[in-house]
Amino acid sequence: MEHFRIENLSFYYPTSKDKKSLDNVSLKIEKGEYIVLCGKSGSGKTTLLRHLKTVLTPHGKRTGEILFNGVSLNDTDNREQSSKIGYVMQNPDDQIVTDKVWHELAFGLESLGCGQKTMRSRVAEMACYFGIQDWFHRDVAVLSGGQKQLLNLASIMAMQPEVLILDEPTSQLDPIAASDFLNTVRKINTELGTTVIITEHRLEDIFPYADRAIVMDSGRIIADDTPRNIGKLLYEQNNPMFTAMPTPVRVFYNADGDGDCPLTVREGRAWLNKEFEIKPQIAEIPCKNIDDDIENPALSLKELWFRYEKDTPDILRGVSLEIPKGSISAIVGGNGAGKSTTLKAICGICKPYRGRIKVFGKPVNKFKSGELFKNCVSMLPQDPKSLFVKSKVSDELAEMTKDKNKINEVTETCQITDLMNNHPYDLSGGEQQRAALAKVLLTEPKILLLDEPTKGMDSFFKETFATILNKLKSQGITILMVSHDVEFCAKYADRVSMFFDGQILTTETPQNFFGSNSFYTTAANRMSKHVFKNAVTAENVVELYRKNKGGTV
Amino acid sequence: MKDDAFSKLHPAVNVLFFIGAICFGVLLQHPVYLLAGIFASGVYYFLLGGRKEIKNLLLMIPLFIFITLFNPIVNTRGVTVLFTYFDRPYTLEALIYGVAVAATFVLMILWFGCYGKVLTGDKVTCLFGNLAPSLSLLLVMVFRMIPNLLQKAKQIIGVRSSIGKGTAGKSSIKDKLGSGMTVIGVLTSWALEGSITTSDSMRSRGYGATKRTSFMVYRMTKTDWVLTLIMLTLLGIVVFFAANGGMNAEFLPERNITPINGFNVIGFIAYLGYLMIPTILNVKEVIQWNISESKI
């Protein structure tokens, strides 16, 4: 039986009367289906999802109809919609209403006016299913982002919904928490039969398991098929959304592979095995070793020790690092390991109690107050919103300098010329990140520090962002970023450092670093490890594949 | 002490206890009763806070002495004049009354100190929950908002200083005020934006769909009922003796303190027993644990 049926839905926001945000969308969703909705930022995914629940439906002009269980959604009362249609949003923090975990779990049930007995058993059930027992009595403030989002999901599941709608639920989480979260969603779908409709940037974790993938572009559904066919379709259309496909899919089509397209790393390995039954002749990406002796490093950290409070454990336990001028360096490592703290220490937000930081050979404490941040060091924070103080992007930039030429130059570099009159909060995640970068660049830094720059960005924006970084590098700016995004680091960084246990353990080229790892590495490497050496990006794998096949044919 | 036996009871029982303890602490001015109160509250305060609290407890002594000595200065009534200064008498009765006032004062500090440790924010809102669900939800949201805003303010200040817009290089008060105002501005718009999501999330989970109920994590167990009964009985006895004048104490202008003898002893024992309930519970738990441990 159909769960949702959308018929010829069109929608205009009141502010843009001539541009349809949804254009004649028709869609059927069966009970128990797992549906992935993909598309670039601003393609109308969120607008469509919000139409599936009356209280969240945006204001504007609308034609067409939405049926839920065969009844028009507008005729379904609020109470039924609240319990049967669950909706998880992007921001883990703002969705939480109360201050205690147990209270948040019960919130929906309280709203529905359930009795004590029902609430007690439902809350207990959910706490067990989601593994929340251990932090049941905690304050929500002490939870990690991943735990918060899991709590949001659990508190919705406590109402026993039939449909679960998730709007980019993991964009604010680190990859491990994100993958945990998505596995839980899949578990709900397979074990409870709850219908799942999800939008996501990180398709690697969900694409292979989805029943259907729906691609949207400018408010229209341009494709609606099984994930395997979608990959093919996007490749043939040369659609920019193809860059968001899982690595095995991209490798397969870019290499002109034959047979069935692999969706997972396992299938990718099997496919490569079949292709290279005889060992390939060229099986290695040539890579240089890294220079350990850096002359005149732009930045040097020596034996930094830091803790937040007197009686808490050390976060930094002897961090030493040297960054050569004009390079892109990346620090990768687990959550809460102290990567961001290292950046904060360089900026002087945290003061290490032992160790030395030198910027261009000069100790940081020798810089006069404020001097360090003029034409020298600048940091792009994890949450770009914390940087915005004005109501227009152009005013934001004007806060930093009065020089019009400089502003023009920076807006061009960051590709935000069209966004100058918008309110910074109205921009999408990727646009906000670029506007924030523009603002930071106006301090004309020689060393640019980036804290999780690709968080919340879709693959398309990531490429734009990478071109900007490369341009800055060519201007001689030294870039140091801290990131969870191994794929991004593998592709664009010159040097990758591993942060673990409060220290920097190794520094290598991405090829050497990821090439020698077997778990903490990119999907491309995991997929091709058994045939190729040091192929860490999809491009590397495609290159080797083509060289070998071109040679043999 | 984190696992205080009394705190584990239902919050309603906790509240009942503190209402009784605090009301009688104020009403009974009889020195012996005050002494009993200070003893019971002091012991419980120590049990709750552990060694760290000894410093706070010792601080009560100078406070006690100060109030005692200060009272005769503002209050000159009383028949026994100890000495005169600037033509004002300093009387023995006023001094003794000062002792009672100081004792009440210290007693209140101690009981409210215990109250704050036992009845945490979530317990209070939980109690409110049944009476006024919306009000209690509002309180809960405020509890969550304050630490959130403080943390974000810290983040913004850090971020602004790392692009050279911090207060570090600025000396004038005007500049500092200016950057403070900017931070507040950002916080406001940030909070407003977040509140849109919060309200979406609330409505999406049925807020306002029907009359709210309130989830009680705490349940009235048999122990809770038994203790409530004991407490009410003891309070009843205390009220009976108090009403019959067994606990009267007058200080001004003449001392007139009812001696505790005969039947009045029962009233005193009931009062002390009531106040010692939290301590007794803790002692009982330790003993029980030791017995069961020795059996293992």
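Residues numbered from 1 in each chain as written. Chains lettered and ligands numbered in written order. Predicted model: local features only at pLDDT ≥ 70, side-chain atom pairs only at ≥ 80, totals over all residues.

Assigned secondary structure in chain B consists of 10 helices and 4 strands. Going residue by residue from the N terminus, the α and β elements of chain B occur as α-α-α-β-β-α-α-α-α-α-β-β-α-α. For 296 residues, the compact-globule estimate of 2.2 N^0.38 gives 19 Å, and chain B exceeds it by more than 25% at 26 Å. Overall, the C-alpha framework of chain B stretches about 75 × 65 × 45 Å when taken along its three principal axes. The 296 residues of chain B split such that 31% are buried. (Helix = DSSP H or I, 4+ residues; strand = E, 2+ residues; numbered from the N terminus. Rg over C-alpha atoms; globule rule 2.2 N^0.38 Å. Buried ≥ 20, exposed ≤ 12 C-beta atoms within 10 Å, placed from the backbone.)

For the rest of this paragraph, the subject is the interface of chain B and chain A. Contact residues are listed per partner, giving 42 residues for chain B and 52 residues for chain A. At the level of secondary structure, the elements contributing two or more residues to the side of chain B that touches chain A comprise helix H6 (133-161) and helix H7 (173-204) of chain B. Across the side of chain B that touches chain A, the residue classes tally to 16 nonpolar, 18 polar and 8 charged. (Contact = placed C-beta atoms within 7 Å. Nonpolar A, V, L, I, M, F, W, Y, C, P; charged D, E, K, R; others polar.)

Attention now moves to the sheet that holds strand S13 (residues 328-333) of chain A. Residues and elements named next belong to chain A. Taken together, 6 strands build an open sheet; the order of strands is S16-S17-S18-S13-S19-S20 and the sheet is mixed. Since the sheet does not close on itself, it has two edges, and those belong to strand S16 (377-380) and strand S20 (503-508), each with one partner. When the angles between neighbouring strand axes are averaged without regard to direction, this sheet yields 20°. The sheet contacts of helix H11 (residues 339-347) involve S13, S16, strand S17 (447-451), strand S18 (478-482) and strand S19 (495-500), and relative to S17 the element is tilted by about 145°. (Pairing = 2+ DSSP bridges. Axes fitted to C-alpha atoms, helices over the stretch in contact; angles between N-to-C directions.)

With that settled, consider the nonpolar core. Of all hydrophobic cores here, the largest spans 178 residues; its most connected members are Ala154 and Leu449 of chain A. For Leu449 of chain A, the residues in contact, after removing those within four places along its chain, are Leu343, Ile346, Cys347, Val377, Ser378, Met379, Leu380 and Leu480 of chain A. (Core = buried A, V, L, I, M, F, W, Y, C linked by C-beta atoms within 7 Å.)

Residue and element names in this part refer to chain A. For S18, the buried fraction is high: 5 of the 5 residues fall into the buried class. The pairing of S13 with S18 spans 4 bridges and is parallel. Looking across to S18, one finds that Ser329 is bridged to Leu480. For the crossover from S17 across helix H15 (residues 459-474) to S18, the handedness is right-handed. (Right-handed = clockwise from strand over helix to strand, strands pointing away.)

Further remarks concern the sheet that holds strand S9 (residues 212-217) of chain A. Residues and elements named next belong to chain A. With mixed pairing, 6 strands are arranged side by side in an open sheet as S6-S7-S8-S3-S9-S10. Edge positions in the sheet fall to strand S6 (85-88) and strand S10 (220-225), since each of these pairs with one other strand and no more. For this sheet, the mean inter-axis angle between neighbouring strands, taken without regard to orientation, is 15°. Pairing geometry for S6 and strand S7 (residues 163-167), over 4 bridges, is parallel. Bridging from a neighbouring strand, Ile85 pairs with Val163 of S7.

Residue and element names in this part refer to chain A. Positioned with a positive phi, Asn238 is a non-glycine residue whose angle comes to about 60°. Secondary-structure assignment places Asn238 in the loop between helix H8 (227-237) and helix H9 (247-254). On the neighbour-count criterion, Asn238 (7 C-beta atoms within 10 Å) is exposed. Positive phi, close to 65°, is recorded for Asn534, a residue that is not glycine. Note on placement: Asn534 falls in the loop between helix H18 (523-528) and helix H19 (538-552). The exposure class assigned to Asn534 is buried, which follows from the 22 C-beta atoms found within 10 Å.

So, about the domain arrangement of chain A. Residues and elements named next belong to chain A. Each assigned domain of chain A is listed with its residue range as follows: domain 1 (2-237), domain 2 (246-289 + 522-553) and domain 3 (299-521). Between domain 2 and domain 3, the C-alpha centre-to-centre distance is 32 Å. The interface is formed by 11 residues belonging to domain 2 together with 12 residues belonging to domain 3. Tallied by class, residues from the side of domain 2 that touches domain 3 come to 3 nonpolar, 4 polar and 4 charged. (Domains from an automatic or database assignment.)

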